[in-house]
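# Structural characterization, general
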Amino acid sequence: MSTKQTMTAEDKSLVRKLFWRSFPLEGSFNFEKMQALGFAFAMFPAIKRFCKTKEEQAAALKRHTQIFNTTPHISTFLIGLAASMEKKYAENPDKMDPSTINAVKVSLMGPLAGIGDSFFWGTFRVIATGVGISLAQQGSILGPIIFLLMFNIPHLIIRYLCTVWGYTLGDKFLQSTYESGLIGNLSKIATVIGLTTVGAMISSMVSMQVSFTTTIGQMDFVLQDILDQVMPGLLPLTLTLVVFALIRKGVKINYIILGVFALGLIGTLVGIF
């Protein structure tokens, strides 16, 4: 597909702004919403263009400060796609649920992260490091220079192209879903996938185990083994649900973080964890 036929001068200008504003994606990384603030910062040119009132802009910024995390090098595909969806929502607010925008974004960030991590961290970085170290061991100043060039030239090209593809292909994809009436089903599927992705993140990123052991007769009693037999990952899930319940009740995130920190510290000191 030729982007020249589908992108106006305003669209091209917007894509460039999205591209440049994507670089500080992890500048405000945090363990509550990860890259969300950086994503919202990158999205603001699109929000400002498509959302005409302050209330609409505030609602859009709130949408894009939900949890987000993917490989930064290809994050621009989702930035471009989200911008395209914001455009469609602005043009047809009665035909599109705005929650679909975040649902699609969350459902795709996991698969894209798998591709991006393998491509950049597992391939380009390893090759560039090998070449750079080989030259550096010979005393050549080209070692670090070649390393940076081999890694960043493909990165910058792909980062920009992903911005274009996300915006243009996303627009075409959304148009076809509107015409076929699939947007409702897409919203439901994306929501399910998004929730599944968040659930997988909980399983892989939340760790909690008890270290309590004792001897009963001739048998060693290991409490963690018993809990794993009942349900693997029971304690991390319980901790996550408790934190979620506290958030829904309006407890401040800083208080929750301090509480979890205190629980881990005290539990370790008394030998529970």
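Whatever comes next refers back to the structure up there.
Note on numbering: residues in each chain are counted from 1, in written sequence order. Note on the predicted model: pLDDT of at least 70 is required for a residue's local features to be given, and 80 or more for side-chain atom pairs to be given and counted; whole-chain, interface and lining totals, by contrast, use all residues. Excluded from the side-chain calculations are hydrogens and water; all other atoms, namely the structure's heavy atoms, are used.

### Description of the packing of aromatic side chains
Here is the rule: Stacked, edge-to-face and tilted labels apply to pairs of Phe, Tyr and Trp rings (six-membered ring for Trp) whose centres lie within 6.5 Å, assigned for plane angles under 30 degrees, over 60, and everything in between, in that order. Only runs of H or I of at least four residues qualify as helices and only runs of E of at least two qualify as strands under DSSP, and these elements are numbered from the N terminus. Here's how the labels work: a residue is buried when its accessible area is under 20% of the maximum for its type, exposed when over 50%, partly exposed in between, all with a 1.4 Å probe on protein chains only.
Throughout the structure, instances matching the rule amount to 7 aromatic pairs. Centroid distance Phe19 to Tyr160: 5.3 Å. Interplanar angle 85 degrees. Geometry classified as edge-to-face. On the criterion of sequence distance, the pair formed by Phe19 in helix 2 (residues 9–21) and Tyr160 in helix 7 (residues 142–180) is long-range, its members being 141 residues apart. The class of Phe19 is buried, set by a relative accessible area of 7%. Ring centres 6.3 Å apart and planes at 75 degrees place the aromatic pair Phe120 and Phe151 in the edge-to-face group. Placement of Phe120 in helix 6 (residues 99–137) and of Phe151 in helix 7 is noted, with a sequence separation of 31 residues between them. When its relative accessible area of 9% is taken as the criterion, Phe151 is described as buried. The rings of Phe19, Trp20, Phe23 and Tyr160 are connected pair by pair, giving a single aromatic cluster.

### A few points about helix 4 (residues 54–63)
Note the following rule: As used here, the arc is the angular range of directions from the helix axis to the C-beta atoms. Contacts are residue-level and defined by heavy atoms, with any inter-residue pair within 4.5 Å sufficient.
Looking at helix 4, one finds that the buried residues are Gln57, Ala60 and Arg63. For helix 4, the buried positions fall inside an angular range of 115 degrees around the axis, keeping them on one side. Relative to its buried face, helix 4 has exposed residues pointing more than 90 degrees away, namely Lys54, Glu55 and Lys62. Contacts made by the buried residues of helix 4 are with helix 3 (36–50), helix 5 (75–91) and helix 6.

### Quick look at the side chain of His73
Locating His73 in the fold gives a position in the loop between helix 4 and helix 5. By relative accessible area, His73 is classed as buried at 5%. Among residues more than four places away in sequence, those in contact with His73 are Phe120, Trp121, Phe151, His155 and Arg159.

### Details of the environment of Ser204
Mapped onto the elements of the fold, Ser204 is located in helix 8 (residues 183–205). With 32 residues separating them in the primary sequence, Ser204 and Pro236 have C-alpha atoms 9.7 Å apart.

### A look at the pattern of salt bridges
Heads up, the condition is: In what follows, salt bridge is the name for a side-chain nitrogen of Lys or Arg lying within 4 Å of a carboxyl oxygen of Asp or Glu.
Applying the stated rule across the entire model yields 5 salt bridges. For the salt bridge of Glu10 with Arg49, the shortest nitrogen-to-oxygen distance reads 3.5 Å. Of this pair, Glu10 sits in helix 2 while Arg49 sits in helix 3, placing them 39 residues apart in sequence. A residue is classified by how much of its surface remains accessible, and Glu10, at 56% relative accessible area, is exposed. Judged by relative accessible area, Arg49 falls into the partly exposed class, the value being 23%. For Glu86, the salt bridge identified is with Arg63, shortest N-O distance 2.9 Å. With a gap of 23 residues between them, Glu86 in helix 5 and Arg63 in helix 4 connect regions that are remote in the sequence. Both residues of the pair, Glu86 and Arg63, belong to the buried class. Connected via shared salt-bridge partners are Glu10, Asp11, Arg49 and Lys87.

### Considering the nonpolar core
The nonpolar side chains of soluble globular proteins are, as a tendency, buried together. Keep this limit in mind: We call a set of buried residues a nonpolar core when its members are Ala, Val, Leu, Ile, Met, Phe, Trp, Tyr or Cys and they connect through side-chain atoms within 4.5 Å of each other.
Counting 33 residues, the largest nonpolar core has Phe39, Met43, Ala46 and Leu78 as its most contacted members. Looking at this core, the element that brings in the most residues is helix 6, giving 7 residues. Beyond its immediate stretch of four places on either side in the chain, Phe39 contacts Leu25, His64, Phe68, Leu78, Ile79, Ala82 and Lys105.

### A closer look at unusual backbone geometry
The bulk of non-glycine residues show a negative phi, and the bulk of peptide bonds are trans. Positive phi outside glycine occurs at Met34, with the angle close to 60 degrees. On the secondary structure map, Met34 appears in the loop between helix 2 and helix 3.

### Things to note about the environment of Phe29
Among the structural elements, Phe29 can be located in the loop between helix 2 and helix 3. The class of Phe29 is partly exposed, set by a relative accessible area of 34%. Once the C-alpha coordinates of Phe29 and Phe68 are considered, the two residues, 39 residues apart in sequence, prove to be 10.0 Å apart. Contacts of Phe29, omitting those with residues within four sequence positions, involve Met34, Gln35 and Asn69.

### Comments concerning the packing of helix 2 against helix 3
Packed helices, taken two at a time, are described by the angle between their axes plus the distance between the axes. Cut-off, in case you're wondering: Lines fitted to C-alpha atoms define the axes, with helix axes restricted to the stretch in contact, and inter-axis angles between N-to-C directions lie between 0 and 180 degrees. Small angles under 35 degrees read as roughly parallel and large ones over 145 as roughly antiparallel, with 65 to 115 read as roughly perpendicular and the rest as oblique.
In contact at an axis separation of 7 Å, helix 2 and helix 3 are set at 155 degrees when each is read in the N-to-C sense. When the interaxial angle is binned, helix 2 and helix 3 end up roughly antiparallel. Contact residues: helix 2 offers Glu10, Asp11, Leu14, Lys17, Leu18 and Arg21, while helix 3 offers Phe41, Ala42, Met43, Phe44, Pro45, Ala46, Arg49 and Phe50.

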